[in-house]
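# Residue-level structure breakdown
One-letter residues, chain by chain:
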Amino acid sequence: MLSEYQKIIKQMNDAFEEFGILIANETKKIDQFDLTMQQDLILAYIAKHLNVTANEIAHSFGITKSAVSQVLSKLEQNKMIVRAVNPQNKRESFISLGENGEKYVSLLQDLDIKLIKNYYSKVDLEDLTHMTRTMEKINEVIKAENKTT
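Let us look at the structure shown here. The residue count restarts for each chain, going from 1 along the sequence in the order it is written. Totals for whole chains, interfaces and linings use all residues, but because this is a predicted model, local features are given only for residues with pLDDT of at least 70 and pairs of side-chain atoms are given and counted only at 80 or more. Side-chain descriptors were evaluated using all non-hydrogen atoms of the structure, hydrogens and water having been removed beforehand.

## A closer look at the overall build of the chain
The way it works is that DSSP assigns letters per residue, a run of H or I at least four long becomes a helix, a run of E at least two long becomes a strand, and they are numbered from the N terminus. Counting its regular elements, the chain contains seven helices and two strands. Going from N to C terminus, the chain has its helices and strands arranged as α-α-α-α-α-β-β-α-α. Considering only C-alpha atoms, the chain reaches an extent of 50 × 40 × 25 Å along its principal axes. Within the span of the chain, comprising 149 residues, buried residues form 21% of the whole. For every residue, the accessible area obtained with a 1.4 Å probe (protein chains only) is divided by the maximum for its type, and the residue is called buried under 20%, exposed over 50%, and partly exposed between those limits.

Here it is as structure tokens:
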């Protein structure tokens, strides 16, 4: 049974890697920001959550506040984020997208539209929906497992 999972996961990983290679030309504009995967994930989290704090990010990612602080400092240096002091708690800052963070998110949205027009729209919507639901199920399993550990 485990070997069946290993086989399908290898195929999935291979397909994901090939996808990245195939769309490399389309992603050149976002590559100019030179973000690490962790910076990209944290920036995406900030874009989805208004007035997020470093503590909330640390909790959501399961990493230390110190690690988050290092990532945020780098993002702030590159004008990807801005921090504003929480008026109710002066020791805490709200984090939001900065000028370059807004540009980055806008480029990601443009990339989505381009990928939809050129590629995704040529795949049955039902197949894309199934793939999305499968990823959501995997995410739920991971969340449930993380709560028990």
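## What about helix α5 (residues 65-77)?
One fewer than the residue count of a helix, multiplied by 1.5 Å, yields its expected span. The terminal C-alpha atoms of α5 lie 18 Å apart, and with 13 residues this matches the ideal 18 Å at 1.5 Å per residue to within 8%. All buried positions along α5 are accounted for by Val-68, Val-71, Leu-72 and Leu-75. Projected onto a plane normal to the axis of α5, the buried residues spread over an arc of 100° and lie on a single side. Residues of α5 that are exposed and point over 90 degrees away from its buried face: Gln-70 and Gln-77. Phi turns positive one or two residues past the end of α5, at Lys-79, with a value near 60°. This arc is built from the directions going out from the helix axis to the C-beta atoms.

## Side note on the pattern of salt bridges
Salt bridges are defined by distance alone: a side-chain nitrogen of Lys or Arg within 4 Å of a carboxyl oxygen of Asp or Glu. A full pass over the atoms with the stated rule returns four salt bridges. With a shortest N-O distance of 3.1 Å, Arg-83 and Glu-76 are connected by a salt bridge. By relative accessible area, which is 31% here, Arg-83 ends up partly exposed. A salt bridge links Lys-143 to Glu-140, with the shortest nitrogen-to-oxygen separation between them at 3.5 Å. Of this pair, Lys-143 and Glu-140 both sit in helix α7 (residues 125-148), separated by three residues, roughly a single helical turn. You can call Glu-140 partly exposed: its relative accessible area is 49%.

## Description of a nonpolar patch on the surface
A cluster of nonpolar side chains, namely Met-1, Leu-2, Tyr-5, Ile-8, Ile-9 and Met-12, defines an oily patch on the protein surface of about 660 Å² accessible area. By relative accessible area, which is 46% here, Ile-8 ends up partly exposed. Within the patch definition used here, like charges are joined within 9 Å and nonpolar side chains (Val, Leu, Ile, Met, Phe, Trp, Tyr) within 5 Å, considering only residues with over 30% relative accessible area and no salt bridge. Each accessible area is a Shrake-Rupley result for a 1.4 Å probe, and residues are judged covered by the shown protein chains and nothing else.

## Remarks on the packing of helix α3 (residues 37-48) against helix α4 (residues 54-61)
Only the stretch in contact is used when a helix axis is fitted, and all axes are lines through C-alpha atoms; the angle between N-to-C directions ranges over 0 to 180 degrees. Closest axis-to-axis distance for the α3/α4 pair is 11 Å, and the angle between their directions is 120°. Taken together, the axes of α3 and α4 lie oblique to each other. The two elements α3 and α4 meet at a crossing, and its hand is right-handed. Across the interface between the two elements, Leu-41, Ile-42, Tyr-45 and Ile-46 from α3 touch Glu-56, Ile-57, Ser-60 and Phe-61 from α4. Here the word oblique covers every angle except those under 35 degrees (roughly parallel), over 145 (roughly antiparallel) and from 65 to 115 (roughly perpendicular). We call a crossing left-handed when the near helix sits turned anticlockwise from the far one by less than a right angle, and right-handed when that turn is clockwise. For this analysis, residues touch if any pair of their heavy atoms sits within 4.5 Å.

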